[in-house]
Amino acid sequence: MKAVAVTPGKPNSVHLAELPKPRVDDIPGGRGVLVRVLKIGVDATDREINEAKYGAAPPGYDFLVLGHESFGVVEAVGKNVRNLKPGDYVTATVRRPGGSIYDQIGTSDMTSEEVYYERGINLLHGFLTEYYVDDAEFIVRMPDGLKHLHVLAEPMSCATKAVQQAFEVQRRLRVWRPQVAYVMGAGQIGLLTTLVLRLRGLEVYTLARGEGPSLKSEIVEAMGAHYISTKQTPLQAMPAKVGKADLIIDATGSSAIAFGCMQLLGHNGVLVWTSVTGGLQHTEVPSDKVNLDWVLGNKLLLGSVNANREHFEMGIKDMALGEVMFPGVIQRILTTPIQGLDSYQKMMQTLVEDNEALKVYVEVAEG
Ligand code: BGC
Ligand code: ZN
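Residues numbered from 1 in each chain as written. Chains lettered and ligands numbered in written order. Predicted model: local features only at pLDDT ≥ 70, side-chain atom pairs only at ≥ 80, totals over all residues. Heavy atoms only, no water.

A. The sheet that holds strand β13 (residues 203-208), seen in detail. The strand order across the open sheet built from 6 strands is β14-β13-β12-β15-β16-β17, with neighbouring strands paired in parallel fashion. Each edge of the sheet is formed by a strand with only one pairing partner; in this case those strands are β14 (226-229) and β17 (300-303). Taking the axes of each pair of neighbouring strands and ignoring which way they run, one obtains an average angle of 20° across the sheet. Pairing geometry for strand β12 (residues 180-184) and β13, over 5 bridges, is parallel. Bridge assignment links A181 to a residue of β13, and that residue is V204. (Pairing = 2+ DSSP bridges. Helix = DSSP H or I, 4+ residues; strand = E, 2+ residues; numbered from the N terminus. Axes fitted to C-alpha atoms, helices over the stretch in contact; angles between N-to-C directions.)

If you want it as structure tokens, here you go:
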């Protein structure tokens, strides 16, 4: 069967590879789930892997199959799989366990090991192919009623985790009633984070460079949040305008902005960084000022990566709630379909060049 792969370490190496079709019994213990791939989303991580900034091939291979945002339909299950059946729509988690205690308890997103195993990203083949098989532990059911949101399940799980982690760490305060949140960036993670925070009842300001009206500003406003163009309102002007934030989530991909927004956070607040910045940028910060301010304000900086099964399940519930609160809005993120695995060049070119695309995804098969 066909798969879209790169040669890690070699820039612009995206190509078609050939793999044998997997079988349900490839997974021991009767726990295999064979999935026919329907759609796969791609994002900046795939672009950076193709730019040779990130990612590694599985042992024994000189190529890595891309694709970590998956949507498919179950084709067959092993004899010990009880919670899934052929015909179910599913997505899959991305990270697979290493050896740490966190990996052993189902939270490999929190692994304490340096090496991590991620399908389509690091050391494991991804889903941008015709079929994949995996242990039922890593396959998450998508309700038929959310089929139209398909590949958003994975980015949604990351957005949900980022917010859940903020609430989790803020238990240090005994009571935390955040009111104002800033979301930095209006790409897929920024928009989905905006959604999650609106569902939790916060007043949300989503900041991005471009001036509205635009698709981004329309989606933000349709979720009952405020879209702020940093061309009109520079970052540092935000506190005077709307008050300092109780919670800031950065999803810009810019480490300069990630540091820049340290000066916008209110007392007891939490700043969450979610961008995987593969570059080598250096930034100057007013370190005495920030240090003083963070100590005197008991502020917290939190990194959040990946998502475990629990976050996928929470994210899917949030998408369902989002559909009830803001009908038809989430699907507007799904801007840019690409037809078929054979169009892999177009897929990569669109990822690199199309600045208007919020979500590029490959339609692998009908279903
Ligand atoms: C993926 C995450 C992954 C991260 C780091 C992101 O693009 O969505 O699942 O953990 O990259 O590799
Ligand atoms: Zn991703």
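We are not done yet, so read on.
B. Representation of the domain arrangement of the protein chain. Domain parsing of the protein chain yields domain 1 (2-141 + 335-363) and domain 2 (157-303). Computed from C-alpha atoms alone, the centre-to-centre distance between domain 1 and domain 2 is 29 Å. Listed by partner, the interface residues are 10 residues for domain 1 and 10 residues for domain 2. Interface area for domain 1 against domain 2, summed over the two sides, is near 760 Å², with a carbon-plus-sulfur share of 56%. On the surface where domain 1 and domain 2 come into contact, there are 1 salt bridge. K161 is paired through a salt bridge with D109; the nearest N and O atoms lie 2.8 Å apart. Inspection of the region where domain 1 meets domain 2 yields 3 residue pairs in polar contact (both at pLDDT 80 or more). Of the residues in the side of domain 1 that touches domain 2, the class split is 3 nonpolar, 1 polar and 6 charged. (Domains from an automatic or database assignment. Contact = heavy atoms within 4.5 Å. Buried area = accessible area lost by both parts, 1.4 Å probe. Salt bridge = Lys/Arg side-chain N within 4 Å of Asp/Glu carboxyl O. Polar contact = N/O pair within 3.5 Å; in protein donor to acceptor, adjacent residues only side chain to side chain. Nonpolar A, V, L, I, M, F, W, Y, C, P; charged D, E, K, R; others polar.)

C. Geometry of the coordination of the zinc ion (ligand 2). Note on the zinc ion (ligand 2): its protein donors are D43 (OD) and H68 (NE2). The metal-donor distances range over 2.1 Å. Each of the 4 donor atoms around the zinc ion (ligand 2) contributes to a set of angles spanning 77 to 158°, which defines the coordination as irregular. With D43 in the loop between β3 (32-42) and α1 (44-50) and H68 in the loop between β4 (64-65) and β5 (69-77), this residue pair connects regions lying 25 residues apart in the sequence. Assessed through its relative accessible area of 14%, D43 is described here as buried. (Donors = N, O, S within 2.8 Å, 3.2 Å for Na, K, Ca; no water. Tetrahedral: all angles 85-135°; square planar, octahedral: opposite > 155°, others 65-115°. Buried < 20%, exposed > 50% of the residue type's maximum accessible area, 1.4 Å probe, protein only.)

D. Up close: the sheet that holds strand β9 (residues 123-124). Spatial strand order, β7-β8-β9: 3 strands in an open sheet with mixed pairing. A single partner strand is all that each edge strand has here, and the edge strands are β7 (95-96) and β9. With 2 bridges connecting them, strand β8 (residues 117-119) and β9 associate as parallel partners. Its bridge partner lying in β9, E118 is registered against L123.

E. Local environment of the site of ligand 1. Contacts to ligand 1 come from D43, T45, Y54, H68, V94, E118, I121, E154, V305 and N306. Interatomic distance of 2.8 Å between a side-chain N/O atom of E154 and an oxygen atom of ligand 1. Between ligand 1 and the protein, one listed contact pairs an oxygen atom with a side-chain N or O atom of N306 at 3.0 Å. For ligand 1, whose free accessible area comes to 310 Å², the fraction covered by protein is 93%. For the shell around ligand 1, a count of residues per class yields 4 nonpolar, 3 polar and 3 charged. (Near = heavy atom within 4 Å. Areas by Shrake-Rupley, 256 points an atom, 1.4 Å probe, with all protein chains shown as cover.)

F. Examining the nonpolar core more closely. Membership of the largest hydrophobic core comes to 51 residues, with the highest contact counts inside it found for L247, V272, M319 and I333. Residue assignment places this core across two domains, with domain 1 (2-141 + 335-363) and domain 2 (157-303) each supplying three or more. With 33 residues, the next largest nonpolar core counts I49, V74, I139 and M347 among its residues. (Core = buried A, V, L, I, M, F, W, Y, C linked by side-chain atoms within 4.5 Å.)

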